[in-house]
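Structural features, examined
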Amino acid sequence: MAIIKIGELQVSAFSQDEYRARTTRLRQQMAERGIDALLVLNEGNMNYLTGYEGFSDYVPQLALVCQDEEDPWLILREMDTLCAHASSCLPESRVLSYPEKYIASSQLTAWQPIAELVRERCKSNRIGVELSGKMLGLKGHAALSNSLGMSEFIDADGMVSALKAIKSPAELTYMEQAGKIVDRAMKVGRLAISVGARESDVAATITHALIAGTPEFPGGTSRSPLVTMPVGSPGAAPHLTWTGQYYKMGCQTNFELGAVRHRYCCALSRTIFLGEPTARSRHVHQACLDGFQAAFEAIRAGVTSSNVERAFRREFEPRGVRKESRIGYSIGIDWTDGGPSFQEGDETVLQTNMTFHLLIGIWEKTDGYIFSETVRVTDDGAKSLSNMTRELLVNC
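Residues numbered from 1 in each chain as written. Predicted model: local features only at pLDDT ≥ 70, side-chain atom pairs only at ≥ 80, totals over all residues. Heavy atoms only, no water.

Some remarks on the sheet that holds strand 3 (residues 37–40)
Our working rule: Any two strands with at least two DSSP bridges between them are considered paired. Secondary structure elements follow DSSP: runs of H or I no shorter than four residues count as helices, runs of E no shorter than two count as strands, and numbering proceeds from the N terminus.
With mixed pairing, 6 strands are arranged side by side in an open sheet as 6-5-4-3-7-8. Edge positions in the sheet fall to strand 6 (95–98) and strand 8 (154–155), since each has one partner strand and no second. As paired strands, strand 7 (residues 127–129) and strand 8 are joined by 2 bridges and run parallel to one another. Across the sheet, Val129 pairs through a bridge with Asp155, a residue of strand 8.

Quick word on the pattern of salt bridges
This is how the line gets drawn: Salt bridge, as used here: a side-chain nitrogen of Lys or Arg that lies within 4 Å of a carboxyl oxygen of Asp or Glu. Each residue gets one of three labels from its accessible area relative to the maximum for its type: buried under 20%, exposed over 50%, partly exposed in between, using a 1.4 Å probe on protein chains only.
For the structure shown, the criterion picks out 21 salt bridges. Between Arg280 and Asp367 there is a salt bridge, with its nearest N and O atoms 2.8 Å apart. Pair noted here: Arg280 is in helix 9 (residues 279–298) and Asp367 is in the loop between strand 15 (355–363) and strand 16 (368–378), with a separation of 87 residues, a long-range link. When its relative accessible area of 35% is taken as the criterion, Arg280 is described as partly exposed. The salt bridge involving Arg319 is made with Glu315; its shortest N-O contact spans 2.5 Å. Here the residues in one salt-bridge network are Glu43, Glu53, Arg263 and Asp334, joined through shared partners.

Regarding the environment of Cys265
Note the cut-off: By definition, residues are in contact when any of their heavy atoms lie within 4.5 Å.
Counting through the fold element by element, Cys265 comes out in strand 12 (residues 264–274). On the accessibility criterion, Cys265 (0% relative accessible area) is buried. Discounting chain neighbours no more than four positions away, the residues touching Cys265 are Met175, Gly258, Ala259, Val260, Ile331, Gly332 and Trp335.

Structure below.
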């Protein structure tokens with residue numbers, strides 16, 4: 001990793017060699033599919049290829065990768081070029097912009113000047129596009145197509161995600177650092193729960209811990225919410241946040257937390273009981289823990305994603321607890337990174353240094369529970385990035 005200092009701003013980034021290695025692998029994929037230019041619209045993917053940290057995907061923007069060029073181009077809103085100069089690995093000459101008059105205009109579309117900048121650099125019509133890009137949509141697709149003089153693009157969704165699934169040593173370092181932060185945040189969140197505490201104050205305590213980080217390194221932010229914490233009896237909803245209600249005895253909190261270092265996320269989930277859990281809650285906890293352990297022990301390089309899911313089902317299904325959702329997914333930049341999932345039918349072969357959020361979540365009308373850790377695939381098995389206890393967590 002390299003440290004780039006710009007004035008008083010210090011930005012941590014990967015080395016330019018690592019970014020170029022990523023682009024080289026992507027260009028190899030492009031050659032195999034006959035793509036001469038690739039329009040990368042997902043901001044996490046833009047970050048992966050260039051280091052760009054603008055958090056600006058509410059307006060049209062993209063990274064342009066040309067088959068015959070070593071480095072990508074960034075095409076951004078004019079004011080966002082300053083973010084690119086501060087954070088990306090690219091020289092200023094490869095950061096292009098369109099004028100501010102195209103922002104929030106009912107008469108103009110930014111896809112027109114973006115298309116012109118693309119066409120100046122690529123005359124071919126063998127152009128791939130991340131068609132699920134956030135700001136593209138039907139109107140954007142039509143405007144981009146018309147401005148490029150093309151009737152059809154090559155669907156390039158998933159190409160960068162496939163590269164992101166296997167993490168480099170430098171990426172793993174960031175995720176391991178995030179693991180230390182999220183462990184601390186979970187512990188302080190648990191300690192904050194007591195009768196009479198306000199949910200929003202508990203959330204604030206956790207959020208402070210996630211951003212403050214450790215004395216060695218601060219936390220960061222991501223496109224995904226870093227704290228979800230549905231509270232109830234049971235807490236059965238999956239993605240709710242906090243309210244202004246006050247804690248009372250007999251409820252549970254399902255914490256799903258994500259700590260971030262330079263956009264790389266490490267997630268961790270636990271259920272906390274305030275007061276003695278019911279016998280059913282203890283049963284659900286044990287079923288989830290045993291299923292998690294079976295899946296964890298099945299993870300190693302060379303097995304498939306579906307193998308891991310089947311190992312979980314063999315242990316979990318006899319317990320009489322319903323769970324229909326997947327049990328994990330590839331994690332990295334901005335939490336979910338679009339790679340494989342632990343679910344039936346996913347035959348992706350696990351490779352060393354893939355990372356997954358191994359997530360056992362129960363969201364039913366009568367049962368609610370969550371238990372997860374971020375894990376790394378190795379030749380010999382799985383390695384958790386968390387040191388949090390796996391015991392049933394009860395606050396009295």
